[in-house]
Every structure is written in structure tokens, then in C-alpha cells.
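# Examining the three-dimensional arrangement
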Amino acid sequence: MAELEGLEFGKSDFVLLDEVTMEQFMENLKLRFEKGRIYTFIGEVVVSVNPYREMDIYGKEVVEAYRGRELYENPPHLFSVADAAYKTMKRRAKDTCIVISGESGAGKTEASKYIMQYIAAITNPSQRAEVESVKNVLLKSNCVLEAFGNAKTNRNNNSSRFGKYMDINFNFNGDPTGGHINNYLLEKVRAWRKLLRGGSEEMLQSLFLQRDPSFYIYTREGASSSVSCSNLRAAVLTALKVIGFRAQEIDSIYMILGAILHLGNLEFATDGESVRVTAPQAVENIAILTSTTAADVSKALLFRTVATGGGEVIDKGHSEQEANYGRDAFSKALYERLFSWIVSRINAVIEVKDYNPVLHGKNTVIGVLDIYGFEIFDNNSFEQFCINYCNEKLHQLFIELILRQEQEEYDREGIPWQHIDYCNNQIIVDLVEQPHRGIISILDEACLGVGKVTDVMCLESMDSKLGQHPHYTSRKLSPTDKSLEFQRHFRIRHYAGDVTYSVEGFLEKNKDPLFQDFKRLMFNSTNPVLSEMWPEGRLDITEVTKRPLTAATLFKNSIVALVDKLACKDPYYVRCIKPNEVKSPMLFDDARCRHQVAYLGLLENVRVRRAGFAYRQPYNRFLQRYKMTCEYTWPNHLMESDREAVEAIVKQHDFHDDVEYGHTKLFVRTPRSLFTLEQERAALIPILVLFLQKVWRGALARMRCRRIRAIYRIMSCFRRYKVKAHFWEVERRLGGVRTMADYGRSVQWPAAPAALAHFHAITQQLYHRWWARQVVKNIPPSDMAEVRAKVAALSALQGERPTWGCGRVWERDYLSHTSAHFVQVSKELKNKDQFSTILFSGFVRKVNRFNKSTDRALFITDKHVYKLEPRKHFRVLKKIPLDNVTGLSVTSGADQMLVLHTSSKDDILVCLQRGELCPNQDRVGEVLGTLSDHFTRSVHWGTTYRGKCQVNVGGPTPLFSLAALYWHLWAQKLYSGSCFT
């Protein structure tokens, strides 16, 4: 640590002092204060000196410098202890707390705010909206609680007039999820001057208020202050809205504050035997602001409802003194109830909701205690008595946790060390809280006693019971001490110094009485906020209720509960010191600071840290954290005990002279040894993380591979099952097709799985071939020529012509059946041209290029195409060799037009039938099919043609090769049976 800051700034850790004396301690503290170093370590304790000026040491850069760092890596700072508490909470899943102690004006409230801001800054790196909302509410709650709970005093501009303990809940990720606030002993003599100085004119008019604070009794003191309150009021209003206060609730807060100011100005006068209010308009204003009636408010102020022994209820009038007392008590109670209600509303917003340890992991807590410091005023009353008792309890906790437990732990572990005397203030705590003999018990007895018991009588009772106590005295017990007044003062020798208390008002403040009439008045208010604050107002005056606990007992119980709560957490301490009484950033009052160092026990703390060990940990936990730094202990050791494994770690790092071995724990003397281990561990962690990631990723990959293999195995089995199921279904449906009349044509094939899609298509093709074979083999050989011709026509037309004579018998040689002359002519042509087959013959009507038509006969053989004159005994008009025909064109309509294209461009255009068409006499398909079949067979059998015959439907564009279409139709059209009627 001495290397982190230059020697000109002094020692940054009091443990490093050459000699542990008060002189050296104060010299180092003063030097650091004068050099602007307001924080100093005592081991893990931070000593903070109030600088009384703004310092630029809390920005984002400083936050980043301390984030995640070990306590001794950076110069002393509040952020060091905040980060240490956060790391302990997150790493070890242990609850921690930060106790900020010191006298009033030492800077405790500011320290708590900086700690809260640091925790908010280092959490929620992913910027989750719900976590940010919780952080905002936690931070804004400080602003609201300070506004209503702090005050300017002679010793402090922003003195906490209440105690606050905030628990911040964190999830397993270390992000804040909520919190809870406890408040202790609000000083009720409070009024909100910000309301007058910062409020708008419209708001002041609605509250019947004037802007001048000196007009009101409760704000008259300090009314000349020049501090502007408008910005403060705006900040508080913004904070209330961020927290979640509704507009109606905020208005109710202002109305209650206005009512308190009006109550303070009420005056009473005696009119004969009765008492009256001198300003009725003020009563009207209070009634409006509290949503009650003026009559009810006046009655509660002037009368007290009392139930007699016989059950009769009577109204007993107040004296002027009683009315003044009731007014003040009512004002204080209103403010106290308002403050408690604000705290409860904040708790309702920030409490952890829907928490399930199984789902959300362990819920850990960091507690931050900001409570009033030790107070010594010229006139110390009941409030100072309670505040100083609280500080005694907290100092006792500090002694137990930091000093006594440290020594006792060394004794338990068998570690030799030099015993250090320390100031144990348990005797002072017992003086206050001991049952039956403590001051609180004496006060309670006096408050519960029969008859009128005065403060003087209570003081006499304390003198008689505590006269022999070394820390208690009074003027009666010390007659020569003229600083004490008879029947008024008593003195307690606190750990922080002697404090003289005035007994006046002790009993009344301890009783904290408030007439039931005021409680019923507020409960019956039509304002739901006010009614909610006074639940006991529902009780009837005749109902007998248990006497409430006194204010001192309630405070004692809450402080005992607070100490118990702190004792079960890992504590971190910030000890605040006030350098002077005049709030100067330059003045260091040596005597004043020496007194605070003494009563805070800082010198004893240094002695313990120097004589003891800065770090201690059970062997198993030390081994768990640092076993990766030694080859003999990673990943698991084979030694007989964890202690031997820890010794191996210490031996490997060669700092055995800096440690001691206890029965169950290892004790490390200096932080540097621990820092060395932390550095090596931090360097190894990324390597181990990579190794664990590699192993885990390998395990994940193997598991994923096994799952994928299982998936593929299941898929394979399922595919095989689907294939087999398909085969079984095909066999079931098509097993008997041989015996069916249509050979299974009517059977619907099952849908094939995707893996068998191609196979299924081939199977269907094979079936269709088989089916076609079964059909074709039943056709007589004499009909096969006609079947082939029809197949060829079907393939060539491709559905372009709806009617083409498929449904009739194709005779081909029509002229031989109708004319004997044609038979004679055909025989002559056969002998002459040597043709072997007549492909087609029939009457046609020839159309020439001039659109003139004449009757002719068309005679087509396997050698020639003849155009004949039927009227002249079928004389040959034109003969074209069949191998000169290159194509044939027909239309897509029902006409019989046909064009024979030749290689000599001497095309023939004819209509195949003379006169009107007879039903079912379409012959275009017959000529087309016959020629296509002829050319296809001729090519197949090796006959050579000079050209290629093409077929055009609807125009001259050729569609398919006749040969290719024939075989295509053989596989598809013929098998499907579409060519048969």
C-alpha cells in the first residue's frame, strides 16, 4: 500500500505505522487530510475525514478503477469497502453489511449515498429494464428520506434526524432485485421549509400558506437562511414520482405538511371556565387540509373524550396548557406518521416480489446503516439519550466483531499472540438497557406508576438505583460538581465522552402520549392516505386496549433487532471523523479529532491488526479458492488432510514465514501474500475457464452426436418400416390384378414415401407396360395396323384436335368399296408403279391457290401420292413420290382440311370429304395416323427417305418426329387405354 501513494501523503494504512501511538496516528491522519487524502485504511476498515468541500473522486473513471479489484490494490476509498462487501456477497453467497459510524457532522450520510451510487454503478451490466428500475427507486429513496428526515443543526448542515438501515437484495447474478428500509427514532420536531420557499403561488394558495417562513412558529427558527429550496423541492417531487407515488398521494403529503404549519400557529385563550381557539379560520384551514370538519377539529383540540367506570362517555375540556400540549403532540404525531407512511410506501415498491429460491437462486443482501452519530449539545434531552444509547450499542458491536472476536478466534485456533487491552463499553450499555435496573426500565416504571409522577421523582429514582454505578452521576451524587443542576441534570460517562442530560420532558416523551380523539379524527378523515396512517382510530373510546410500549422500550427493541441483524452478516466499517466544529475545509482540530479517534477505538483496532493477521480462512475454503495455484492440489489433492494441501500451496509460493496454521484455519499476516495468491489465481482463471469450456463443449458435442446418431437410427428404421409398409400395401392392393377384368386398372396406387418416389414411378411404368401387354395381346392381328395408326395419330395430334375419328373403324381404302373403276385403276397403277400397300383412298375436294375448289380423289400408296379425276374414270392428274412428302398440316377444328407438304414446294391442299360432313366421319386422323405409322415403320425397318416427315396442327409449325412420338405413345397413351372406345 505504501507503494500506491507517495510518502508525501503519509501511510495509506495505519497498520504500516512505525509505532502504534496516538501521536503517530494523529500525525498521519492530519497529514493525509491536509494533502486531500480523506480516506485511510485500518486493515479492512476505512477511516473517513469529512473534507467539507466537493471532491472529484467519485466519477465514472474512479468507479471503473475500483470495480472488481481487491481491497488492497488501490488507494483507500469508500469504493474499496463497497466493492469488498459486494464481492464477498457475490463470491461466497454471504450476507454483508456496511456500518457507517461517527458523530453528527462527520459525513456519514454522504458516505452512505456514495456507497449506494457505487453499488448501482457496478451492477446490471446488461442494462435490464427491471433492474434499472429497482436501482433508480433505491437511489431516489435517499433523496426523499433526506428531505423528510434530515435537518440543519448547529453542528451539521444535513444532519440525519432519524436512523436508516437499508437492506439491498441481490439475485444470483449480483443484480439488485429489491430492498427494505427500516427507520429509527425520527426526531418529530420537524417542519418542511422547502414547502414555503420552493412551492408555487398556486400551491401555497391551495394550502392557505404564506411564503415567509417566519410567519409560522415551526419554521421561524432559521427563516433568514438564504438557501434556495425550489431546486430541492423539485428534486424531491421528481423522486416521489420515480418511486411510484401517485399524484393524489403527493397532494396528500403537501396537505399534511400545510396542516402541521397551521397547527403550530394555533393559539388558545381562556374564556371563563372554558378554552377557545383564538383563530377560527386556522381551524377551518386545518379541517379542509385534513378532509375533516371544523367542528370535529375544534372539539379534538379543546376536549378530551373520557369513558367513566360505568361505561358513560363524557367530554372533558382542556386547560390552556393541556390544549397547547395536545396541539404540539398532534403536530409531532402527524409528521411521524407521515414519515413512517412514506417509508412503508417505498418498501412496498422496492420489496422483492415473487421470489422463489428454487427458480431464482439464493437471495443475498448488502445492508447499509446510516444512523445518527453521537451527540453532545448544550441541552441534551430524551432524543440525545436515545441516539447516544444507539451509538453505544453499535460501538459494542464493533468491539465484539472486530476486537474481541478477533482475539477469541486466535485463542480457539491456538495461534500465539500478544493480548491487547480494549475499551469494552458493555457496562454503559447495561446502564441503559439492563432489566429492572437500567435507565430505560426506571423510566418505564415511572410512566406506568399510579398517580402523578414527575421528572424530578424519576431522577431521584435513578439516583437511588444507579448511585453506585461508575458511569452515572448527578448533582445529588456529586454535590461539588456545579456544572450539574439539582433536580434537573444527570450525567452518563459514554465511550465518546461525558454527556449531561436534562431530565425535563423525559417522562412525557417516553410516554409519547397522544389523545385518542386525534387518532379517531384522522381515521375518520375522507382522505384515504390520512385514514391509512391511523388504523388504531377505529377503536371505540369504551374499548379496553393494552397499554402501548413506551418510546424508549420500542427504540431499545428496534436497536437490539438491528444489532442482531448486523451481527449475522459479514461487517465492513466506515469510521467517520469530523475535523472541526466550524465546517472548514482547512482546519484540523487536533484535540477534537483525538477525542473521536479515542472513543471510536481506532488505535486498538490498529494494534489488533498489527499483532494479528489480516486474513484468515478455513482450510477447506482456502483450498477451494487457491488450489489451482499449486500442481499438487489441482484439481484434487491426494494428501491426508486439507491442512497438508494448504501447506503445500504455502510452501510452493514461499511465504510460510507470513502464515500461521490454526486448528481449522489458515492465518495470513500481511495482505501482500494474499494479493500474490489472488494475482496468480486471476491469471489462471481464464486458462481454467478455457479448459472447462473445452471439456464441457466436448461433452456437449458427444451428447449432441449421440442424439444425432439416435435420430438417424430412428429415421433409418422408420424409413425401412415405411418402405416395407408401402410394399405390403402395394402387394395387398395389386396382388390379384391378374384375375381382374380390367387387370387392376381401377385400383388406386398407395402414396409412396419420398425415398421411394423414383422407384414408385418406375414400378408404375412397369405395371403400365404389363397392363398394356395384357390388353394388346388380346387384339386380333388383323386389327393391329389400325391400332398402330390410331396410336400414331394420337401422338401426333397431342390433344390439339378434339375429334379425329378415333371411335370408328378405319377402312383406309374407301374408293375400292364404292367404285369398280377405281379398283381397275388401282390394279393398273400397282402393276405400273409396283406399290405393295394402299395407305388411303377417298374422295376429296381440292382447293387451289385462287381459292377455287373441284372434286378429286386422293390415292396414297407406299410409293406415291395420286390425285385422280373421279369423273373421268379416275384418271391420274398428278403423281408425287411418297418420299418427296416432307410434312403434313391439319387444323385444330372439325374441318377436313389437310395439306401435304413436298420437297418441291408443290403442296397439296384438299378437303378429305366431299359435301357436308357425315356424323363420325372425320378422316383427318385416319390419314395422319396411317402416314405417321407408315413412315415410322419404314424408318424402323431401314427404308431410306430423303426428307423428314413432320406433322403440323393448326399451322405450319412441326410438333414432333413421327418416329419418336410413336414410341412415346406406345409407353404412355396406348397403355392407358385412351385410344380405345
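Residue positions are given per chain, counted from 1 along the sequence in the order it is written. Per-residue local features are limited, in this predicted model, to residues with pLDDT of at least 70; the limit for side-chain atom pairs, both in listing and counting, is 80 or more; totals at the level of whole chains, interfaces and linings are taken over all residues. Only hydrogens and water are set aside when side-chain values are computed; all heavy atoms of the structure are taken into account.

The protein carries the name Myosin IG in an unreviewed UniProt entry, which gives Scleropages formosus as its organism. What UniProt states about the protein under its Sequence similarities (unreviewed entry) heading is, verbatim, "Belongs to the TRAFAC class myosin-kinesin ATPase superfamily. Myosin family." UniProt positions are given in the numbering used here, feature names are shortened, and annotations may be inferred rather than shown by experiment.

## A short note on the overall build of the protein
Per the secondary structure count, the protein includes 32 helices and 28 strands. Taking all 981 residues of the protein together, 50% fall into the buried category. A contact between two residues is defined here by any heavy atoms of the two lying within 4.5 Å. Of all intrachain contacts in the protein linking residues separated by at least 6 positions in sequence, the fraction that spans at least 24 positions is 64%. Total accessible area on the protein stands at roughly 47900 Å², and carbon and sulfur atoms take up 53% of it. A helix here means a DSSP run of H or I that spans at least four residues, while a strand means a run of E at least two residues long, and both kinds are numbered starting from the N terminus. Here's how the labels work: a residue is buried when its accessible area is under 20% of the maximum for its type, exposed when over 50%, partly exposed in between, all with a 1.4 Å probe on protein chains only. To be clear on the numbers: accessible area is Shrake-Rupley with a 1.4 Å probe, and residue cover counts the displayed protein chains and nothing else.

## Re the packing of helix α5 (residues 129-149) against helix α8 (residues 230-243)
At a closest axis distance of 9 Å, the pairing of α5 and α8 adopts a crossing angle of 135°. Of the possible angle classes, the one that applies to α5 and α8 is oblique. Classified by chirality, the crossing of α8 by α5 is left-handed. Only Ala235, Val236, Ala239, Leu240, Val242 and Ile243 of α8 make contact with α5, whose side of the interface consists of Asn136, Val137, Lys140, Ser141, Cys143, Val144, Ala147 and Phe148. Here an angle of 0 to 180 degrees is reported between the N-to-C directions of two axes, which are lines fitted to C-alpha atoms, with helices fitted over the stretch in contact. Should an angle lie under 35 degrees it is considered roughly parallel, over 145 roughly antiparallel, and from 65 to 115 roughly perpendicular; all remaining angles are considered oblique. Crossing handedness is read from the near helix: turned anticlockwise from the far helix by less than a right angle, it gives a left-handed crossing, and turned clockwise, a right-handed one.

## A look at the pattern of salt bridges
Once their charged atoms are close, side chains differing in charge can pair, the charge on each being opposite to the other. By definition, a salt bridge exists where a carboxyl oxygen of Asp or Glu is found within 4 Å of a side-chain nitrogen of Lys or Arg. For the structure on display, the rule yields 38 salt bridges. Salt-bridge contacts for Arg276 lead to Asp271; the nearest nitrogen and oxygen are separated by 4.0 Å. Because the salt bridges share partners, they merge into one network encompassing Glu103, Lys578, Glu581 and Arg592.

## Observations concerning helix α4 (residues 108-122)
To estimate the expected span of a helix, subtract one from its residue number and multiply by 1.5 Å. Helix length check: α4, at 15 residues, gives a terminal C-alpha distance of 21 Å against a target of 21 Å (1.5 Å per residue), a fit within 8%. Most of α4 sits out of view: 11 of its 15 residues are buried. Burial in α4 covers these residues: Lys108, Thr109, Ala111, Ser112, Tyr114, Ile115, Met116, Tyr118, Ile119, Ala120 and Ile122. Phi turns positive, to about 55°, at Asn124, one or two residues after α4.

## Re the sheet that holds strand β14 (residues 489-494)
Here a strand pair is declared whenever DSSP counts at least two bridges between the two strands. Overall, antiparallel pairing links the three strands, which are arranged β13-β14-β15 in an open sheet. Sheet topology places β13 (472-474) and β15 (497-502) at the edges, where each strand pairs with a single neighbour. Mean inter-strand twist for the sheet, computed between neighbouring axes without regard to direction, equals 25°. When β13 meets β14, the two strands line up antiparallel, connected through three bridges. When the sheet's bridge partners are listed, Ser474 is paired in β14 with Phe490. Here helix α17 (residues 455-466) sits on the sheet in contact with β13 and β14, set at roughly 130° to β13.

## Remarks on the UniProt feature "binding site: ATP" (unreviewed entry) in the protein
The feature "binding site: ATP" (unreviewed entry), as annotated in UniProt, sits at Gly102, Glu103, Ser104, Gly105, Ala106, Gly107, Lys108 and Thr109 in this numbering. Locating Ala106 in the fold gives a position in the loop between β3 (96-101) and α4. Those residues in contact with Ala106, other than ones at most four positions away along the chain, are Asn50, Cys576, Ile577 and Lys578.

## Focus on the environment of Asn50
Inspection of the secondary structure puts Asn50 in the loop between β2 (45-49) and α2 (60-66). With relative accessibility at 14%, the residue Asn50 sits in the buried group. It is 9.1 Å that separates the C-alpha atoms of Asn50 and Asn580, two residues lying 530 residues apart in sequence. With residues near it in sequence (within four places) discarded, Asn50 still touches Phe33, Gly105, Ala106, Gly107, Ile577 and Pro579. N or O atoms within 3.5 Å of each other form a polar contact, as long as, within protein, one can give a hydrogen and the other can take it, and as long as residues adjacent in sequence are counted only when both atoms are side-chain atoms. A polar contact is formed between the side chain of Asn50 and the backbone nitrogen of Tyr52, at a distance of 3.0 Å. Looking at Asn50, its side chain comes within polar contact range of the main-chain oxygen of Gly105, at 2.9 Å.

## Some thoughts on a positive patch on the surface
Surface patches are defined over residues having more than 30% relative accessible area and no salt bridge, joining like charges when they lie within 9 Å and nonpolar side chains (Val, Leu, Ile, Met, Phe, Trp, Tyr) when within 5 Å. In this tally, Lys and Arg are treated as positive and Asp and Glu as negative; His is ignored, and so are the chain termini. For this purpose, a charge sits on NZ of Lys, CZ of Arg, CG of Asp or CD of Glu. Residues Arg702, Arg704, Arg706 and Arg707 make up a contiguous surface patch of positive charge. Within the secondary structure, Arg702 is located in helix α26 (residues 671-734). Arg702 sits in the partly exposed class, given a relative accessible area of 49%.

## Quick notes on the pairing of strand β1 (residues 39-42)
Burial along β1 is two-sided: the face carrying Tyr39 and Phe41 and the face carrying Thr40 and Ile42 are both buried. Pairing of β1 with β2, which is carried by four bridges, proceeds in the antiparallel orientation. Across the sheet, Phe41 pairs through a bridge with Val46, a residue of β2. Counting the residues in the hairpin turn of β1 and β2 gives two residues, including Gly43, whose phi is positive at 65°.

## Some words on the side chain of His653
Along the chain, His653 turns up in helix α25 (residues 642-653). At 2.8 Å, the side chain of His653 forms a polar contact with the backbone oxygen of Ile649.

## Description of the side chain of Ser112
By the secondary structure assignment, Ser112 is in helix α4. At 3.5 Å, the side chain of Ser112 forms a polar contact with the side chain of Asp370. In contact with Ser112, not counting residues within four places along its chain, are Ile100, Val368 and Asp370.

## Remarks on the packing of α4 against α5
Contact geometry for α4 and α5: axes closest at 10 Å, N-to-C directions at 165°. In terms of axis orientation, α4 runs roughly antiparallel to α5. Between α4 and α5 lies a crossing of left-handed hand. Where α4 abuts α5, its residues Thr109, Lys113, Met116, Gln117 and Ala120 lie against Lys135, Leu138, Leu139, Asn142 and Glu146. Each residue gets one label: Ala, Val, Leu, Ile, Met, Phe, Trp, Tyr, Cys and Pro are nonpolar, Asp, Glu, Lys and Arg are charged, and the others, such as Gly, are polar. When its residues are assigned to classes, the contact of α4 with α5 shows four nonpolar, three polar and three charged.

## Considerations on the confidence of the model for the protein
Looking at the protein as a whole, its pLDDT mean stands at 83, while 88% of the residues score no less than 70. A residue's pLDDT is the confidence the predictor assigns to it, expressed on a 0 to 100 scale. Counting contacts from residues 954-981, a segment whose pLDDT is below 50, to residues more than four positions away or on other chains yields 66 contacts.

## Thoughts on the packing of aromatic side chains
Side-chain rings of Phe, Tyr and Trp (the six-membered ring for Trp) are treated as a pair once their centres are within 6.5 Å; stacked means planes under 30 degrees apart, edge-to-face means over 60, and tilted covers the remaining angles. Scanning all chains against the criterion turns up 30 aromatic pairs. Summarising the aromatic geometry, the rings of Phe515 and Phe518 are spaced 6.4 Å apart at their centres and angled 15° between planes, so their arrangement reads as stacked. One exposure class covers both Phe515 and Phe518, and it is buried. Charge-over-ring placement is defined geometrically: NZ (Lys) or CZ (Arg) within 6 Å of the ring centre, and within 35 degrees of the ring normal. The ring of Phe9 has Arg37 lying over it, and the distance from NZ or CZ to the ring centre is 3.8 Å. Sitting above the plane of the Trp810 ring, Lys790 keeps its charged end 5.5 Å from the centroid.

## What to know about helix α22 (residues 590-599)
Turning to α22, its buried residues number three or more, namely Arg592, Cys593, Gln596, Val597 and Tyr599. Its side-chain oxygen 3.3 Å from the backbone nitrogen of Ala591, Asp589 forms the N-cap of α22. Looking one or two residues past α22, Gly601 carries a phi angle of roughly 70°, positive in sign.

## Focus: the environment of Ile685
By the element assignment, Ile685 lies in helix α26. Its relative accessible area of 27% is what places Ile685 among the partly exposed residues. C-alpha of Ile685 to C-alpha of Met628: the two residues are 57 residues apart in sequence and 8.5 Å apart in space.

## Some words on the state of the cysteines
Criterion for a disulfide: a pair of cysteine sulfur atoms at a distance within 2.5 Å. Counted according to the given criterion, the structure contains zero disulfides. Cysteine Cys390 shares no disulfide, and the gap to the nearest cysteine sulfur, in Cys386, comes to 9.5 Å. Residue class for Cys390 comes out buried when judged on its relative accessible area of 0%.

## Considering the pairing of strand β22 (residues 864-869)
Where burial is concerned, most of β22 is hidden: six out of the six residues are buried. Neither face of β22 is exposed, since His864, Tyr866 and Leu868 on one face and Val865, Lys867 and Glu869 on the opposite face are all buried. Examined bridge by bridge, strand β21 (residues 853-861) and β22 share four bridges and lie antiparallel to one another. Across the sheet, Leu858 pairs through a bridge with Lys867, a residue of β22. Linking β21 to β22, which pair antiparallel, is a turn of two residues. Counting the residues between successive antiparallel strands, the hairpin from β22 to strand β23 (residues 875-881) contains five residues, one of them, His873, with a positive phi of roughly 60°.

## What to know about the nonpolar core
Buried residues of nine kinds, namely Ala, Val, Leu, Ile, Met, Phe, Trp, Tyr and Cys, make up a nonpolar core once their side-chain atoms join them within 4.5 Å. If you look at the biggest cluster of nonpolar residues, it comprises 102 residues, and the most contacted ones within it are Ile115, Phe148, Phe245, Ile253, Leu334, Ile342 and Ile346. With sequence-adjacent residues up to four places away left out, Leu334 is seen in contact with Ile256, Ile260, Leu263, Met522, Leu530 and Trp534. The next biggest cluster of nonpolar side chains, apart from the first, holds 71 residues, and it includes Phe14, Val49, Ala552 and Val563.

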